[in-house]
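Each chain, written out:
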Amino acid sequence: MKFNTALSVAGLILLYIAGSLCQLDVCGRAPLNSRIVGGENATAGAWPWQVSIHLSNSSHNCGGTLITKDWVLSAAHCFESFVLSKVVMYFGRLRQSGSNPYMISRTASRIIRHPNYNDYTIDNDIALVQLSSSVTFSDYIKPVCLAATGSVFSAGTESWVTGWGKLQSGDTQGSDVLQDLRIPIVSNSVCNNAYKGINASITSNMICAGFLNVGGKSICPGDSGGPVLSRNSSLWIQSGISSFTERKCDNPKYPSVFARVSQYQTWIKSYMGSNPPGFVEFNAKKPTSKSNFGSVLNLLLFSLSLTFSFIPFTFSIYLDS
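Summarised in this report is the structure supplied together with it. As the structure is a prediction and not an experimental result, all values here were calculated from the model. (Residues numbered from 1 in each chain as written. Predicted model: local features only at pLDDT ≥ 70, side-chain atom pairs only at ≥ 80, totals over all residues. Heavy atoms only, no water.)

1. So, the overall build of the protein
What counts, and what does not: A run of H or I in DSSP counts as a helix once it spans at least four residues, and a run of E counts as a strand once it spans at least two, with each numbered from the N terminus. Three exposure classes are used, based on accessible area relative to the maximum for each residue type with a 1.4 Å probe and protein chains only: buried under 20%, partly exposed in between, and exposed over 50%. Contacts were defined at the residue level, with two residues in contact if any of their heavy atoms lie within 4.5 Å. Per-residue and other accessible areas follow the Shrake-Rupley method at a 1.4 Å probe size, with only the shown protein chains counted as cover for residues.
Looking only at helices and strands, one finds four helices and 15 strands in the protein. Out of the 321 residues belonging to the protein, those deemed buried represent 50%. Across the protein, every contact between residues at least 6 apart in sequence was considered, and the portion connecting residues at least 24 apart equals 70%. Accessible surface for the protein amounts to roughly 14,700 Å². Of this, 54% is attributable to carbon and sulfur atoms.

Listed below in C-alpha cells is the structure:
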C-alpha cells in the first residue's frame with residue numbers, strides 16, 4: 001500500500017509537469033497567418049489569440065490575448081469601472097459587425113488587476129481575466145506564447161501590434177476589421193526622453209515601440225489591452241500589453257507604451273495552477289532557433305531532474321518507516 005502511494009505521488013508530479021509543458025506545444029502558432037504586413041486589415045485566423053473585450057455587451061472596449069484555455073491577458077486600466085456579469089470576451093473574431101463564422105464568446109468569472117497598478121503613472125498596467133468556461137483551441141483560436149523573465153527585446157526588434165482601435169486620432173470610433181501594424185521596439189531611454197515633455201515616466205515595467213517622427217503608426221483608443229508581439233522562428237511571443245500613448249495617438253514624437261510581459265511571469269503563473277501559459281525566452285542577440293529550443297529544453301531537463309530526484313526520496317521515506 002505504501003509503495004502504491006509513492007507511485008501515485010510520482011505519477012501526479014509527472015502529470016503536473018506534462019500539463020506545464022503541453023502549453024508550449026500549442027502557444028504562439030498561427031498556421032493561417034500567411035503574410036507579414038503592417039497597417040492593413042488582418043485576415044481570419046491570422047492572430048488567433050486576439051480577444052475583443054466588451055464591458056457592456058454592446059461594443060468593443062479593449063483588446064486582450066488568450067494565454068490558456070481558461071485565461072485572458074489584458075490591461076489593468078481597461079477594468080477601472082465594470083460590472084463582472086456584463087464582461088464578454090469574443091474569440092476568433094475578425095469584424096466588429098457582420099458575420100464572424102469562427103467566433104465564440106465567454107463571460108468572465110474573475111478579473112484580477114495587478115495589486116501595484118498605478119492609475120496615475122499607469123505602471124503595472126496588467127490584468128488577468130478568468131473565463132466562465134474553457135475554450136477549445138482551433139486554427140482560429142489559440143493561445144499566444146508569453147515572453148519569459150530575462151527576455152531581451154533590443155531597439156529595432158521587429159514587432160507587430162493588433163487591435164480594433166481608432167485608425168487615427170480624429171476618428172469617432174474604432175476600426176470594424178482587426179488591424180495589424182508592424183513597428184520596431186524603441187529603447188526605454190529614448191522613449192523616456194520623448195515622454196519627459198509631458199511629464200510621463202517610462203519604468204522598467206514598460207516596453208516601447210513605434211516609428212519616431214513618422215505619424216499614423218501607433219496604438220490608439222480601442223487597442224488598449226491588446227498585444228505587441230515578436231516572432232521567434234515559428235513562434236509568436238507577446239512582449240507587451242498595449243497601455244498608453246500621447247493623447248493625440250498619431251503624434252510622431254511619441255512611441256507607443258506597453259506593459260512589459262516578462263516582468264510578470266511569476267505573478268501570472270501564481271494564478272494558473274497546473275496549466276500555466278507557455279513562457280518562452282526571447283533574446284534578439286541570440287539565433288532565434290537556439291533561443292526557443294533552449295528555453296523548452298531547459299524546462300524539460302529541469303522537470304525530469306525534479307521528478308527522478310523526488311522518486312528515490314519518496315521511496316526512502318516509506319522504506320525507512
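More follows now that the structure is in view.
2. Things to note about empty space enclosed by the protein
The criterion, for reference: In this analysis the probe radius is 1.4 Å and the grid spacing 1 Å, with only protein atoms considered; a cavity is a set of points the probe fits into but cannot get out of, a pocket is an open set with protein on both sides within 12 Å along at least five of seven lines, and lining residues have an atom within 4 Å of a point. Grid points are joined across faces, edges and corners, and a volume is the space filled by probe spheres set on the points. In this classification, Asp, Glu, Lys and Arg are treated as charged, Ala, Val, Leu, Ile, Met, Phe, Trp, Tyr, Cys and Pro as nonpolar, and every other residue, Gly included, as polar.
The full count for this structure, using the stated rule, is one cavity of 30 Å³ or more. Considered as a void within the structure, the largest cavity measures approximately 50 Å³ in volume. Around the largest cavity, the lining residues are Ala209, Gly210, Phe211, Val214, Lys217, Ser218, Asp250, Asn251, Pro252, Tyr254, Pro255 and Ser256. Residue composition of the lining of the largest cavity, grouped by class: six nonpolar, four polar and two charged.

3. Details of the packing of aromatic side chains
Rules: Pairing of aromatic rings covers Phe, Tyr and Trp, the last counted by its six-membered ring, and requires centre-to-centre distances within 6.5 Å; plane angles under 30 degrees mean stacked, over 60 mean edge-to-face, and any other angle means tilted. Charge over a ring is defined by NZ of Lys or CZ of Arg lying within 6 Å of the ring centre and within 35 degrees of the ring normal.
Within the structure shown, the criterion is met by nine aromatic pairs. Ring geometry for phenylalanine 79 against phenylalanine 82: centres 5.8 Å apart, planes inclined by 85°, an arrangement best described as edge-to-face. Members of the aromatic cluster, joined through ring pairs, are Trp47, Trp49, Trp160 and Trp236. Over the ring of tyrosine 90 we find arginine 93, and its NZ or CZ is 4.5 Å from the ring centre.

4. Here's the deal with the state of the cysteines
The cut-off we apply is this: What counts as a disulfide here is a pair of cysteine sulfur atoms lying within 2.5 Å.
Within the structure shown, the criterion is met by four disulfides. The side chain of cysteine 191 participates in a disulfide bridge whose partner is cysteine 208; the two sulfur atoms lie 2.1 Å from each other. Torsion about the S-S bond of the cysteine 191 and cysteine 208 cystine: about -80°, corresponding to left-handed handedness. Of the two residues, cysteine 191 sits in helix α2 (residues 188-195) while cysteine 208 sits in strand β11 (residues 206-209), which places them 17 residues apart along the sequence. An identical accessibility class is assigned to cysteine 191 and cysteine 208; each is buried.

5. Brief notes about the environment of alanine 155
In this structure, alanine 155 sits in the loop between β8 (145-147) and β9 (158-163). Residues alanine 155 and serine 187 lie 32 residues apart in sequence; the distance between their C-alpha atoms is 5.0 Å. In this view, alanine 155 contacts Ile185 and Ser187; residues no more than four positions away in its chain are not counted.

6. What about the sheet that holds strand β7 (residues 127-131)?
Cut-off, in case you're wondering: Pairs of strands are assigned from DSSP output, requiring at least two bridges between the strands. Axes here mean lines fitted to C-alpha atoms, for a helix over just the part in contact, with angles spanning 0 to 180 degrees between N-to-C directions.
Spatial strand order, β2-β3-β4-β7-β6-β5: six strands in a closed barrel with antiparallel pairing. Looking at each pair of strands side by side, their axes are set apart by 40° on average, direction ignored. Two strands pair when backbone bridges link them, and strand β5 (residues 88-91) and strand β6 (residues 104-113) are joined in this way by four bridges, in the antiparallel orientation. Each residue of the ladder has a partner; that of methionine 89, found in β6, is arginine 106.

7. Concerning the environment of aspartate 176
Here is the rule: Think of a polar contact as two N or O atoms within 3.5 Å of one another; within protein, one of them needs to be a possible hydrogen donor and the other a possible acceptor, and neighboring residues in sequence only count if both atoms come from side chains.
Topologically, aspartate 176 is positioned in the loop between β9 and β10 (179-186). Accessibility expressed as a relative area gives 28% for aspartate 176, which makes it partly exposed. With 81 residues separating them in the primary sequence, aspartate 176 and arginine 95 have C-alpha atoms 5.5 Å apart. Here aspartate 176 is in contact with Leu94, Arg95, Gln96, Ser97 and Trp164, once residues within four sequence places are set aside. Only 2.7 Å separates the side chain of aspartate 176 from the side chain of serine 97, close enough to count as a polar contact.

8. As for the nonpolar core
Cut-off, in case you're wondering: To define a nonpolar core, start from buried Ala, Val, Leu, Ile, Met, Phe, Trp, Tyr and Cys residues and group those joined through side-chain atoms within 4.5 Å.
If you look at the biggest cluster of nonpolar residues, it comprises 48 residues, and the most contacted ones within it are Trp47, Val72, Leu73, Met89, Phe91, Leu128 and Ile268. Breaking this core down by element, the ones donating at least two residues are β2 (50-54), β3 (60-68), β4 (71-74), β5, β6, β7, β13 (235-244) and α3 (265-269). Examining the composition of this core, we find that four residues originate from one element, β7, more than from any other. Other than its neighbours up to four places away in sequence, leucine 73 contacts Gly64, Thr65, Ile67, Ile126, Ala127, Leu128, Leu146, Gly225, Gln238, Ile241, Val261 and Ile268.

9. Concerning the pattern of salt bridges
Rule in force here: Whenever Lys or Arg places a side-chain nitrogen within 4 Å of a carboxyl oxygen from Asp or Glu, that contact is recorded as a salt bridge.
Counted by the stated rule, this structure contains two salt bridges. For aspartate 176, the salt bridge identified is with arginine 95, shortest N-O distance 3.8 Å. Here arginine 95 lies in the loop between β5 and β6 and aspartate 176 lies in the loop between β9 and β10, a separation of 81 residues in the sequence.

10. Describing the pairing of β5
Where a strand is regular, its side chains alternate between the two sheet faces. Burial along β5 is two-sided: Val88 and Tyr90 and Met89 and Phe91, pointing in opposite directions, are all buried. As paired strands, β2 and β5 are joined by four bridges and run antiparallel to one another. The residue bridging isoleucine 53 from the neighbouring strand is methionine 89, located in β5.

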